[in-house]
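This is what each chain is made of:
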Amino acid sequence: NETSIEEIMNQLGRWYNVEVELNGMQNYFYNGYIPRNVSLLKVLDMMERTGELKFEIKNKKIHVKNKMPM
C-alpha cells in the first residue's frame, strides 16, 4: 500500500533480472498486489492502466516515463 514507484521498480528489477531507469519518477505511489508468477509485460501493462506512467523495455532495461510529456 502506497508503495513508491522506485521501490516497486527495484523489486521488479530483482524478480525479472532487469535494470530500471526512473528519470525523476519517484513521486508516484501505487496500491495493490503483484503475484510473482505474472510476466513482466503483464505487470507493466497493469501499472500503465492505473497511472500516468508508461514503460519501455530496451536491452533488458525498463525506462519509466510520463504518459504525457511536460
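Residues numbered from 1 in each chain as written. Predicted model: local features only at pLDDT ≥ 70, side-chain atom pairs only at ≥ 80, totals over all residues. Heavy atoms only, no water.

Along the protein chain, the regular secondary structure elements total 2 helices and 5 strands. Counted from the first residue to the last, the protein chain has its helices and strands arranged as β-α-β-β-α-β-β. At 11 Å, the protein chain has a C-alpha radius of gyration in line with the 11 Å of a compact globule built from 70 residues. Considering only C-alpha atoms, the protein chain reaches an extent of 35 × 30 × 20 Å along its principal axes. Scored against the burial criterion, the 70 residues of the protein chain give a buried share of 31%. Accessible surface computed for the protein chain: about 5000 Å², of which carbon and sulfur atoms make up 48%. Averaged over its 10 positive side-chain charges, the protein chain has a centre that lies 7 Å from the centre of its 9 negative ones. (Helix = DSSP H or I, 4+ residues; strand = E, 2+ residues; numbered from the N terminus. Rg over C-alpha atoms; globule rule 2.2 N^0.38 Å. Buried < 20%, exposed > 50% of the residue type's maximum accessible area, 1.4 Å probe, protein only. Areas by Shrake-Rupley, 256 points an atom, 1.4 Å probe, with all protein chains shown as cover. Lys, Arg positive; Asp, Glu negative; His and termini not counted. Charge placed at Lys NZ, Arg CZ, Asp CG, Glu CD.)

Bringing the pairing of strand β4 (residues 53-58) into the picture now. Examined bridge by bridge, β4 and strand β5 (residues 61-66) share 6 bridges and lie antiparallel to one another. Counted as the bridge partner of Ile 57 is Ile 62 from β5. Connecting the antiparallel pair β4 and β5 is a turn made up of 2 residues, with Asn 59 showing a positive phi of about 50 degrees. (Pairing = 2+ DSSP bridges.)

For the rest of this paragraph, the subject is the pairing of β5. Taken together, the 3 bridges between strand β2 (residues 19-21) and β5 define a ladder with parallel strand orientation. Within β5, the position partnered with Val 20 by the bridge is Ile 62.

With that settled, consider the environment of Leu 53. Its place among the elements puts Leu 53 in strand β4. Given the relative accessible area of 0%, Leu 53 is considered buried. Spatially, the C-alpha atom of Leu 53 lies 21 Å from that of Asn 17, the residues being 36 residues apart in sequence.

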